[in-house]
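Coordinates in review
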Amino acid sequence: MPILLSHALAALLFTGVALSRLHERATGLPRVTFIAALLATALWALSIAGIDQSDGIPRVAESLRNLAWLGFMYALVRRDPRTPEHRAVAILYGIVALLVLVNAGLAMVWIGSGGAMLPEIATLRLVLHMMAAISAIVLVHHLYTAAAPGTRGGIRLVVLALAAMWGSDLLLYGAAWLEADIPGQIVVARGIVMVVAAPALLIAVTRNGDWTLHLSRTVAWQTLSFAAVVLYAAAMVAATSIIALVSGHDARLWQTAFVVGSTATGLAFLASPRVRAWTKVKVAKHLFRHRYDYRSEWIRFTDTLGKPDDAAPLDQRIVKAVADLTDSPAGLLLVPESTGPGGGLGVGLDWNWDLPSGSAPAALAQYLVDTGRIVELDTVRSGATDAVEAVAIPRWMLEGDGWAIVPLAHLGRLQGAILLARPPIDRALDWEDFDLLRIAGRHVASYLAEARAQEALAEAQRFDEFNRRFAFILHDVKNLVSQLTLVARNAERHADNPDFRVDMVATLKDSAGRMNDLLARLSQHHRARADTLQPVALRDVLERVARTRRAYHPVTVSGDPALLAQADPARLEQVLAHLLQNAIEASLADAPVALSLTVDGGHATVIVEDHGCGMTPAFLRDQLFKPFASSKPAGFGIGAFEAKQLAEAMGGHVTVASQPGHGTRFCVHLPQPRSLDAAA
């Protein structure tokens, strides 16, 4: 009797709501499908009230009710003309509708067999009922999340009513599956739930508002994944049922082996990056109008760029952020080798890329500046490109696994370029790739330009701080020079021992001269003494510099003793002292540092060579000759910078070659005396 009363009342209420909708045309919901769903629900409730719940006819009516509500929900989702993912939505709803139709077919088989059905088929029917209920609840959640935020208040009652309907179905069939019978109390409770759901639907549809829905790509992916899991579970249930029919007493063993083996195979298959990439490409290509979910891609892009500085260098984060957009497994940053025009692109930091030994020519940098194009390397490999682009691409890029070159231009200046590796699923770049990479390239170029401007500003600030510190030192040194000068004068007048007096005077005068030179170099109010360039015997200078270091490190000297260079002896000794000290600090205690001489292109060349830790190409290009940049934890970064400045002041220059783990070779090139050049 309670089952009869609850379901009869539910049938009456749903019929009344449907009739009210027939006379009221102004509604925010799809009218025809909504009325059809209401009438199908009333028919289902009436069938349960007039026929036993265990009969097959209420099951068929329940399937019709579910199909009607699924049609109403699908019509509601499709109403938004701005939603392009109609095909994806149709597939998701079609999968759930298929489960409902299978349930209806099994119910008809039940009716045709007069209630005589194998236990395994009956169990399969209950499982499919539960799967259909769960799937429908997921679609209800999707309906709510797809609604515009401002309209969710109006749709909330509809969502609650449908969730309660399918939730009660899930509870009923779950209990029947556990107890092998349909509990009457839950059937009564389901009728009461439907009695409450009818007025909730009436209240919801009488509200006016914007029912425009925005399909979430994320929810679509989640629902599609869940649908795949549901189909997999259905396949497992069907397969195990068939195994139970044919395997006899060993059915449980074969069922376990089949489930474990197929699950392990499926997990191994899905764990493959290539499979995931292929699935993503195919689904995005056939189910969605756009390849990319621009909102989620941009959030991930900015999150990668905005990570703390201690996570990874900015240059490396830039490469990763751009590579992630196209699922490229690796990337390489190419940076300008010089700030002026005509410079090429050198290898910078990488992300999962084996650093090549080459660099990009100036032609590529100029081509990227002039055109701003994203270079598709497969097009260059096939020869289907213009001659200018083909000549600009270096061979090492074409021989490797490079896929595309993204220029990084900011305010008309090239800040660098990113070489992307080929994604796991090879494909040609399309218009979406070009647009997204072009925008991302401009964005990261502004990051690079700002970072370099900040480095220049920080360097200027460090120089200011450096000068401020030495302002105090200047005062103390000036006092010391005055005291030493006074001592020298007193020594000349009062020293009794002539030999002692001579040595003391020479020492004090030398110290005073050095202090005055230091003051002149540091103070803004003094002029440094002019460098006196003269022929210098390089072998003698090398011996003096080596002699001061041999007490604590082996140093070898070789070269022609007659080789001369036009230089200032004090400045040259200072240059070599800096380079030799750096070489010693980079070497092991027993690894000798070699000082040698040679003639190269009309220049006398001093070579300082060690076999120590070496330096990376990025450090050589970007930091070696910059002040306050050092690879040593306690270094000031002044030595190499000052050596370069002093060598250039004498008309020479410094070059360096280094390889990590193999050592470093500094070459100081100095002009030879003019008389020697003329004689030659």
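These remarks concern the structure in this document. If you're wondering where the values come from, they're calculated on a predicted model, not measured in any experiment.

1. Thoughts on the overall build of the protein
Across its full length, the protein carries 23 helices and twelve strands. Out of the 680 residues in the protein, the part that is buried amounts to 42%. A fraction of 68% describes how many contacts in the protein between residues 6 or more apart in sequence connect residues 24 or more apart. With an accessible surface of roughly 34600 Å², the protein has 61% of that area assigned to carbon and sulfur atoms.

2. Notes on the packing of aromatic side chains
This structure, assessed with the given rule, holds five aromatic pairs. Pairing tryptophan 69 with phenylalanine 72 gives two aromatic rings, centres 5.6 Å apart and planes at 85°, and the pair type is edge-to-face. Here tryptophan 69 pairs with phenylalanine 72, and both are found in helix H3 (residues 56–78), just three residues apart, close to one helical turn. Tryptophan 69 gets classed as buried once you look at its relative accessible area, which sits at 1%. Ring pairs connect the aromatic residues Phe34, Trp69 and Phe72, which therefore count as one cluster. A cation sits over an aromatic face here: arginine 65 above tryptophan 44, 4.5 Å from the ring centre.

3. Considerations on the pattern of salt bridges
Taken as a whole, this structure holds 16 salt bridges when the rule is applied. The salt bridge partner of arginine 438 is aspartate 435, with a shortest N-O separation of 3.4 Å. One end of the pair is arginine 438 and the other is aspartate 435, both in helix H17 (residues 431–494) and three residues apart, which spans about a single turn. Aspartate 435 gets classed as partly exposed once you look at its relative accessible area, which sits at 35%. Each member of the salt-bridge network shares a partner with another, and the members are Glu62, Arg65, Asp169 and Arg190.

4. Regarding unusual backbone geometry
Residues other than glycine predominantly adopt negative phi, and peptide bonds predominantly adopt the trans conformation. In this structure, aspartate 327 takes a positive phi of about 60° despite not being glycine. For leucine 411, which is not a glycine, the phi torsion comes out positive at approximately 55°. With respect to the helices and strands, the residue leucine 411 is situated in the loop between strand S4 (402–410) and strand S5 (413–421).

5. Details of the side chain of threonine 605
In this fold, threonine 605 is placed in strand S10 (residues 603–610). Taking the relative accessible area as the measure of exposure, threonine 605 reaches 2% and is therefore buried. Within polar-contact distance, the side chain of threonine 605 engages the side chain of histidine 669 at 3.0 Å. Excluding anything up to four places from it in sequence, threonine 605 contacts Ser596, Leu597, Thr598, Asp600, Cys667, Val668 and His669.

6. Here we look at the pairing of S4
The element S4 is extensively covered by neighbouring structure, given that seven of its nine residues are classed as buried. Pairing analysis gives two bridges linking strand S3 (residues 375–376) to S4, with the strands arranged antiparallel. Paired with valine 375 across the two strands is isoleucine 405, which belongs to S4. The sheet contact formed by S4 and S5 spans eight bridges and is antiparallel. The residue bridging alanine 404 from the neighbouring strand is leucine 420, located in S5. Between the end of S4 and the start of S5, which pair antiparallel, lie two residues, with leucine 411 showing a positive phi angle near 55°.

7. Focus on the packing of helix H11 (residues 294–305) against helix H12 (residues 314–325)
One way to put it is that H11 packs onto H12 with a least axis distance of 8 Å and a crossing angle of 165°. When the axes of H11 and H12 are compared, the pair comes out roughly antiparallel. Here H11 and H12 pass one another in a crossing that is right-handed. Listed contacts from H12 to Glu297, Arg300, Phe301, Thr304 and Leu305 of H11 are Arg317, Ile318, Lys320, Ala321, Val322, Asp324 and Leu325.

8. A closer look at the nonpolar core
With 59 residues, the main nonpolar core has Phe14, Leu38, Trp69, Met73, Leu162, Trp166 and Leu201 as its most contacted residues. Ignoring anything within four residues of it in the chain, the contact list for methionine 73 reads Tyr93, Ala136, Leu139, Val140, Leu143, Leu162 and Trp166. Counting 37 residues, the second-largest nonpolar core is a separate cluster that includes Leu538, Ala604, Phe666 and Leu670.

9. Thoughts on a nonpolar patch on the surface
A cluster of nonpolar side chains, Leu9, Leu12 and Leu13, forms an exposed patch at the surface whose accessible area comes to about 260 Å². Locating leucine 9 in the fold gives a position in helix H1 (residues 2–23).

About the criteria used
Residues numbered from 1 in each chain as written. Predicted model: local features only at pLDDT ≥ 70, side-chain atom pairs only at ≥ 80, totals over all residues. Heavy atoms only, no water. Helix = DSSP H or I, 4+ residues; strand = E, 2+ residues; numbered from the N terminus. Buried < 20%, exposed > 50% of the residue type's maximum accessible area, 1.4 Å probe, protein only. Contact = heavy atoms within 4.5 Å. Areas by Shrake-Rupley, 256 points an atom, 1.4 Å probe, with all protein chains shown as cover. Phe/Tyr/Trp six-rings, centres within 6.5 Å; stacked < 30°, edge-to-face > 60°. Lys NZ or Arg CZ within 6 Å of the ring centre and 35° of its normal. Salt bridge = Lys/Arg side-chain N within 4 Å of Asp/Glu carboxyl O. Polar contact = N/O pair within 3.5 Å; in protein donor to acceptor, adjacent residues only side chain to side chain. Pairing = 2+ DSSP bridges. Axes fitted to C-alpha atoms, helices over the stretch in contact; angles between N-to-C directions. Parallel < 35°, antiparallel > 145°, perpendicular 65-115°, else oblique. Left-handed = near helix turned anticlockwise from the far one by under 90°. Core = buried A, V, L, I, M, F, W, Y, C linked by side-chain atoms within 4.5 Å. Patch = residues over 30% accessible without salt bridge, like charges linked within 9 Å, V, L, I, M, F, W, Y side chains within 5 Å.

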